Amino acid sequence: MSLFMSTRDQNYFQEKLQSEMERRGVSALLLTQPESVFYATGYMGCMNYRFRRCGNCVAVVPAHGPVELIISQFEHGGALEQTRGSVKIRTFPVWIYVEDFDDGAETRKETQPDPLKTFKLAVDALKELGVCGKVGVERSDIPYDKYRYLVEAVGEDNLVECASLLTACKMIKNQWEIDICRYSAEVAQKVMEGVMKYTQEGMSECDLVGKFTSLAYEITGGHELCKVNNVHTVGPNYWATYIPREYKLKKGDIVRLDGGVQVYGYLSDLARTYAVGEEVADDKKAIFDALLAGYDRGMAMAGPGVKLSELFNEVLAVIRGRGYDTYIRGHFGHTTGSGLTEDYPFIAPDSTETMKPGMVFCLETPFYGSIHHSYNIEDEFLVTENGIELFTHTNRSLLVSQMGL
């Protein structure tokens, strides 16, 4: 497998952001969410992703010229390695001694760095760049004290929310992003198929989560794999849980595998539903068949120019037409990429968007319950100029023995 980051084109992402900034009259962006910093710089910071503390690092995107990354000295080597000299890097010392930054004049280190340090350096960068117009920030991500500092330094009237700007940039993906999304989805499908074959009566959700995670690392070798997402449900437990349950699977129970992997932050989101053992009740099969029919209708309809609201209505009508008159969903899928979870736009009744070439979607038809158990049929696909390219292919039966795995 070729390493994706070795072929990432920083100019593409920088120019895409700057083009949208020019269209909206934004002079600079101060990005703080891990996914946004990565999108703008190509740097996936351990501290930023792991602790998600706003200000661990900041990306400064000017209207013209190279992007600047502000990080601690402790992360400098990793940032150089990942960005390959394609962005400017500004560092600051922390409590950690790093031989590479040995300074004989330094006689004392702070117990913890100034929590405003990255924001102060970001403001310094704005001044050096001569920025005097609108500055886009991720307002919902910034704590009160840090936002107040920016208000005093830049002026409240100059601070604008940039969430919609980032969304506009991320919706249409280039070939590099598409290749990562495809690979991430293919890995998730292989993992799920492995777990389905592995499942036996008497196992617990803990067993399935362990297998799911180990298979992800086995299949990828761990290369560029950042996270494994386990969001499954087993038997009558229709709710997602952070702690795997000890419920012992019984013959005929329904298992819903949901989640995937993140390859350099690009999230795959698939779901597979299957029964434990070689028998399944007719009422459970009927639910699966109804959801599969809705899924099939959605996939047959998907393509460039299709209104997301119309696709939603068609899928819902098919499932309800199978006798589930009270079945209702807020959406039947979403785009996916380098976001934290599900991305805009959604396949929803009030969506005004249409499918466009370069969008990567997940189409899903879930059903949750303690009586009949929980189900989800979900696959990823790329919208092309002439139709769609399915990245993954769902199972057509609840019985693992009939899946041809």
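Residues numbered from 1 in each chain as written. Predicted model: local features only at pLDDT ≥ 70, side-chain atom pairs only at ≥ 80, totals over all residues. Heavy atoms only, no water.

**Some details on the pairing of strand β3 (residues 68–72)**
- Among the 5 residues in β3, 5 count as buried, and that is most of the element.
- Burial along β3 is two-sided: the residues Glu68, Ile70 and Ser72 and Leu69 and Ile71 are all buried.
- Two strands pair when backbone bridges link them, and strand β2 (residues 58–62) and β3 are joined in this way by 3 bridges, in the antiparallel orientation. Bridge pairing in β3 places Ala59 opposite Leu69.
- Between β2 and β3, which pair antiparallel in sequence order, lie 5 residues; one of them, Gly65, sits at a positive phi of approximately 95°.
- Sheet analysis places β3 next to strand β4 (residues 88–92), joined by 5 bridges and oriented parallel. (Buried < 20%, exposed > 50% of the residue type's maximum accessible area, 1.4 Å probe, protein only. Helix = DSSP H or I, 4+ residues; strand = E, 2+ residues; numbered from the N terminus. Pairing = 2+ DSSP bridges.)

**What about the pattern of salt bridges?**
- The tally for this structure, following the rule as stated, stands at 19 salt bridges.
- Note that Arg182 is salt-bridged to Glu389, the shortest N-O span being 2.8 Å. Of this pair, Arg182 sits in helix α8 (residues 175–198) while Glu389 is found in strand β16 (residues 388–390), placing the two residues 207 residues apart along the sequence.
- Taking the relative accessible area as the measure of exposure, Arg182 reaches 19% and is therefore buried.
- The partner of Glu353 in a salt bridge is Lys356, and the shortest N-O contact between them spans 3.1 Å.
- Within the structure, one salt-bridge network assembled from shared partners comprises Glu68, Lys88, Arg90 and Glu128. (Salt bridge = Lys/Arg side-chain N within 4 Å of Asp/Glu carboxyl O.)

**Section: the packing of helix α1 (residues 10–24) against helix α2 (residues 34–41)**
- As a packed pair, α1 and α2 sit with axes 7 Å apart at the nearest point and diverge in direction by 115°. Comparing their axes, α2 and α1 come out roughly perpendicular. From α1, Gln10, Phe13, Lys16 and Leu17 reach across to α2, where they touch Tyr39, Ala40 and Thr41.
- Partitioning the contact of α1 with α2 into residue classes produces 4 nonpolar, 2 polar and 1 charged. (Axes fitted to C-alpha atoms, helices over the stretch in contact; angles between N-to-C directions. Parallel < 35°, antiparallel > 145°, perpendicular 65-115°, else oblique. Contact = heavy atoms within 4.5 Å. Nonpolar A, V, L, I, M, F, W, Y, C, P; charged D, E, K, R; others polar.)

**Brief notes about a negative patch on the surface**
- The grouping of Glu99, Asp100, Asp102 and Asp103 at the surface amounts to a negative patch.
- Structurally, the position occupied by Asp103 is in the loop between β4 and α5 (117–129). (Patch = residues over 30% accessible without salt bridge, like charges linked within 9 Å, V, L, I, M, F, W, Y side chains within 5 Å. Areas by Shrake-Rupley, 256 points an atom, 1.4 Å probe, with all protein chains shown as cover. Lys, Arg positive; Asp, Glu negative; His and termini not counted. Charge placed at Lys NZ, Arg CZ, Asp CG, Glu CD.)

**Things to note about the side chain of Gln14**
- Relative to the elements of secondary structure, Gln14 occurs in helix α1.
- A residue is classified by how much of its surface remains accessible, and Gln14, at 10% relative accessible area, is buried.
- Non-local contacts of Gln14, meaning those with residues more than four positions away in its chain, are made with Gly65, Pro66 and Val67.

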